[in-house]
Structures are given as structure tokens and as C-alpha cells.
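Topology and contacts: notes
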Amino acid sequence: MNIPQFLINNRRKILLIVLSIIIISTIYSIISMVTKENITVTTPAIEVETLTIKPQDIVKKINTIGSIQYKDKAIISSKVFGRVEKIYVEQGNKVKNGQALARIETYPLELQLKEATAELEKAKANCRLAEEKLMQAERTVEQRLKAIAKSKLELLDKYVTLKNTEDVLKKKEQLFKVGGITETELNSLKTNHHTIKTQFLQAKKDYETLVVGYRDSDIKKAGITIPKNEKDKNNILIQINTAMEKSECDAAKSHVQQVSTQIEIIKTNIKEATIVSPINGTVALRSIDIGEKVTDETNLFVIINTMQVYCIAQINEKDLLHITTNQSVELTVDALGNKKFNGKVTIISPILDQSSRTAEVKILCNNNDSQLRPGMFARASIFTQTIKDAIIIPVSSIKESDTTNVFIIKNNLALQKKVTIQERINEEYALINDGLQEGDIIASSSIKLLYDKAKIKIVRQAQQNKL
């Protein structure tokens, strides 16, 4: 059977099959259209809250805990030995720098002062006597120098006379040989020559005795270069020949100085007998009673300065890189409720604790009203960096999958937008590096329900929190 004949014979059946297919297709199309219309109509808009992006300056901070400690502490002891005579303050009293705290009896010191004063007068008298001896010795040396000069001139004169006499005697001896003079005249000349020679030798001996200690060799022996100037040479001779008196005078002056120093020490001890506070602060401890004997090893008082206090915190080595001195700090103390105190980082330990991997940081805080007490538990926020015009969004407005996205709201549609997070701040906010700009409106709620181009309904426009 050929195909045309088959079609002719089964035409009715074929028409029925084709008609059935057309009817089924039409019904399916109508059902599909109705189904789509029903979905579009019945799917409600997703209710969301929105947030308008507005750049702001943020301050990054490191939160930590610490304890309050005093800034200054003074353990005061007595510098003198004695019994406590008076006590002026009690534990808990506030004191100022230089304020009297107690007094040690000074009667033994006053007796020592009288003895030392009398000794000083005696030493001064001995010093004046030694100075007078020195002046007398200097005058004697000056007189000796003048006597030496005079003796030298006389010796020179006698030497010249002796030479003249010798010349005359020689000439007379020649005349005597030729009969020019008598023997009596010659003997008379010899006698005169002998007398003059004897006088010269005596004068020479007297001069040599007189210059002992005043010779150039004596100057050299003293280790001094001989001056060319006569005046300077005489001054050196005075020093050499009054050395003993000068030493006695120096010893007397030294004794005066020694006794004077002793008197100053006694006076200082009398002054130190009044115990004063070296700092402004509060008397934390009084450990003496009236009549008690104290030494320089006895602790009398403990003074602590609480007008300024330290908050001592342990900072992790990772955060330590961001800590520098003079950074501002905000403190709160649990015991004082929500009251805030301002402080400043002043000391950063250069050493890490090996077990905790932390370093000690001291935060200085004013405490004029004395509310902060040593030992209190404190919470500190150390402000480390200010970022200008930062775009900050809540972490709850971010949808994270393979990428990090937010939903920008435009024409009642949520448009998915990829963003780049630079860092998270306080675990609640994210600093956006790229993907958002000022004026963008993003969804801040129902993030898990949203998808790209989802129809939304704004139920609330939230204000961006100021960090």
C-alpha cells in the first residue's frame, strides 16, 4: 500500500488526532497563562526597613579592662633617731606637699648643736692664730730677703776692698825690693791686708749662712722652675719658707669647715625631725604612736596620691601595634554606673608577658572628686584612629554567600549589589571600601528573604547611627 492511499483511507482518524493535539495545546496554554497570572497577583511585596547611606567620621577604638591604681605612693621614714613627740595627721586625712605629719624629739640634737657651736668658735680662734703666724712668717721671710740683699752688697764691697789691698801690697813689695819703702811700712800693709781678708771671709761665711733655704737649688728642690723675674723669685721663696705655717693655717681652716659642716648636719637633722609629706595625697597608713622610738629604717606613714590615678590594662600584642602615648581613653567603672572618665595613655611597657602575650599600659586619669579608688574594676576604650568620610553599614544589612552583597532600593525593587568590606567595627558594623556611595538607600531588614529585583514595601526609613 502506498502512502497517499493510506492517508485517504485513514483521513478521518488523522483529522481526529490533529484536532485532539490542537485542543490539548490550547488548554495547556490557557492553564499556563492563568497560573502565571495567579502567581503574579498572589505574591506579596516584601516589607523592609531602609537606611540612607551618609558618610561620617568614625573613631576606631580598642576595648579592654583594667584596674584603678594610685599614681604616686610615698613610704615615709624618719631620717633621725629619736622618740615620736607629736603626730599631726590620722589615716584617711588628705595632706599637701610639705605638710607636717609628725615630729621627733630634738633635745639630744640641740645639745649636740651647742657643743658644735662652741667647738666652731674654738676652731675659728685657732684659725685666726694660724693666719697670724703665717703673716708673721711671711714678714720674717721678707726681712730675711732684705738682709740677704744687704749682706750680698757688703760682701761685694769687702771683696773689692780686698782686691784693692792685694794690688797695693804687690806694688809695695816691688818697691821694698828696690828700697822704695821700709820694712816697717811693708809689714803695716801686710797687717792691713790680713785684716781686710779676714773681714771678707767672715762676711762670706755670714752670707752663705744667711742664704740657706733661699738659694736657686732650694727652689729646684721644691720642684719649681726658677723664675727670671726677681720679684717672682722672691714670691716663690716666701712660699717655700712659709710652707709649714701655710699647712697649719690650711689645717685650721679645714677644721673650721669640718665643724661648720657638722653644725649644718645637726641643724638639718633638727629640721628633718619634723616629718613632712613629700607629695599631695591621702594618708593610707600610720604605723607609729607617740613615745615610740624610731630609726631611719622605721616606716612612719604611707601617702598615696589619688588626685590622679592610673588605669592599668593588659593589651594584646596584636592590638599593641595601634597603641601610642597621648591617645585619648574613655573609662567607665561598674561601681559608678554609667559615669564616664577621660584619660590618656601615658606609659606603654616595652615587655610582653610570656604567658598571656600582653603588655601593661598605664592610662592617666584625673580624679579630683576622688570617686575612683585604687582597686576598682574599670572598662577602657582606647581611641586609636579617626577615619574621615567613612561609609558604615550594619552587619545585619549584608547578605553573604559566595560574594558579599547588599540590596539597593530603587522603584520599590531590591537590587542586589556586591560590596567590599574593609573591616568590621565592634562586631556590629562594617566599613565598606567599595560598592556604595552617599545617598544610596539600602535594605536593613528582611535580608534573608530578599533576592535580586524582588518587589519590596518600605515600612520604615531608619536613621544611620552615629559611631
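The notes below deal with the structure included here. Please read all numbers here as calculations on a predicted model, not as lab measurements.

Reading guide: rules and limits
- Residues numbered from 1 in each chain as written.
- Predicted model: local features only at pLDDT ≥ 70, side-chain atom pairs only at ≥ 80, totals over all residues.
- Heavy atoms only, no water.
- Helix = DSSP H or I, 4+ residues; strand = E, 2+ residues; numbered from the N terminus.
- Rg over C-alpha atoms; globule rule 2.2 N^0.38 Å.
- Contact = heavy atoms within 4.5 Å.
- Areas by Shrake-Rupley, 256 points an atom, 1.4 Å probe, with all protein chains shown as cover.
- Patch = residues over 30% accessible without salt bridge, like charges linked within 9 Å, V, L, I, M, F, W, Y side chains within 5 Å.
- Salt bridge = Lys/Arg side-chain N within 4 Å of Asp/Glu carboxyl O.
- Buried < 20%, exposed > 50% of the residue type's maximum accessible area, 1.4 Å probe, protein only.
- Axes fitted to C-alpha atoms, helices over the stretch in contact; angles between N-to-C directions.
- Parallel < 35°, antiparallel > 145°, perpendicular 65-115°, else oblique.
- Left-handed = near helix turned anticlockwise from the far one by under 90°.
- Nonpolar A, V, L, I, M, F, W, Y, C, P; charged D, E, K, R; others polar.
- Core = buried A, V, L, I, M, F, W, Y, C linked by side-chain atoms within 4.5 Å.
- Expected span 1.5 Å × (residues − 1).
- Pairing = 2+ DSSP bridges.
- Disulfide = S-S within 2.5 Å.

Concerning the overall build of the protein chain
Helices and strands together make up the secondary structure of the protein chain, namely eight helices and 20 strands. Its C-alpha atoms give the protein chain a radius of gyration of 58 Å, more than 25% over the compact-globule value 23 Å for 467 residues. Seen through its principal axes, the protein chain has C-alpha atoms that stretch 220 × 80 × 40 Å. Taking as baseline every contact in the protein chain between residues at least 6 positions apart, the subset at least 24 positions apart corresponds to 74%. Per element, the accessible surface of the protein chain, about 30600 Å² overall, is 52% carbon and sulfur.

Quick word on a nonpolar patch on the surface
Nonpolar side chains collect at one region of the surface, where Leu19, Ile23 and Ile27 lie side by side and expose about 270 Å² of accessible area between them. Along the polypeptide, Ile27 turns up in helix α2 (residues 11-42).

With respect to the pattern of salt bridges
Two side chains carrying opposite charge are able to pair once their charged atoms lie near each other. All chains considered together, the criterion is met by 18 salt bridges. We note a salt bridge from Arg286 to Asp289, for which the minimum N-O separation is 3.4 Å. Take Asp289: its relative accessible area is 47%, and that puts it in the partly exposed class. Put simply, Lys340 and Glu330 hold a salt bridge, and the shortest N to O gap is 3.6 Å. With Lys340 in strand β11 (residues 340-348) and Glu330 in strand β10 (residues 328-333), this residue pair connects regions lying ten residues apart in the sequence. Residue classification places Glu330 among the partly exposed positions, given a relative accessible area of 23%. Within this structure, Glu90, Arg286 and Asp289 form a network of salt bridges that share partners.

Some remarks on the packing of helix α3 (residues 107-177) against helix α7 (residues 243-272)
The N-to-C vectors of α3 and α7 enclose an angle of 160°; their axes lie 8 Å apart at closest approach. In this view, α3 runs roughly antiparallel relative to α7, as classed from their interaxial angle. The element α3 and its partner α7 pack so that their crossing is left-handed. Of the residues contributing to the contact of α3 with α7, the split by class is 16 nonpolar, six polar and ten charged.

Brief notes about the nonpolar core
Counting residues in hydrophobic clusters, the biggest one holds 20 residues, and the most contacted among them are Ile68, Val329, Leu331, Val345, Ile363, Leu372 and Ile382. At four residues, strand β9 (residues 299-316) tops the list of elements feeding residues into this core. Leaving out residues up to four positions away in the same chain, Val329 has contacts with Phe341, Asn342, Gly343, Lys344, Val345, Ile363, Ala380, Ser381, Ile382 and Phe383. With 19 residues, the next largest nonpolar core counts Ile76, Val80, Ala273 and Ile288 among its residues.

Here's the deal with α3
Between the first and last C-alpha of α3 there are 103 Å, a value that for 71 residues agrees with the 105 Å anticipated at 1.5 Å per step. Gly179 lies just past α3 and shows a positive phi near 85°.

Some remarks on the sheet that holds strand β8 (residues 293-294)
Within the open sheet, the four strands sit side by side as β6-β5-β3-β8. Their pairing is antiparallel. Lying at the two open borders of the sheet, with one neighbouring strand each, are β6 (274-276) and β8.

Some remarks on the packing of α3 against helix α4 (residues 183-210)
Following both chains from N to C, one finds α3 and α4 inclined at 160°, their axes separated by 8 Å at the closest point. Overall, the two elements α3 and α4 adopt an arrangement that is roughly antiparallel. Judged by the sense of rotation from one axis to the other, the crossing of α3 with α4 is left-handed.

Some remarks on the state of the cysteines
Here the structure, examined in full by the defined rule, presents zero disulfides. No disulfide involves Cys249; its nearest neighbouring cysteine sulfur is the one of Cys127, lying 5.3 Å away. Of all cysteine sulfurs, the one in Cys311 lies closest to Cys365, which takes part in no disulfide; the gap is 8.3 Å.

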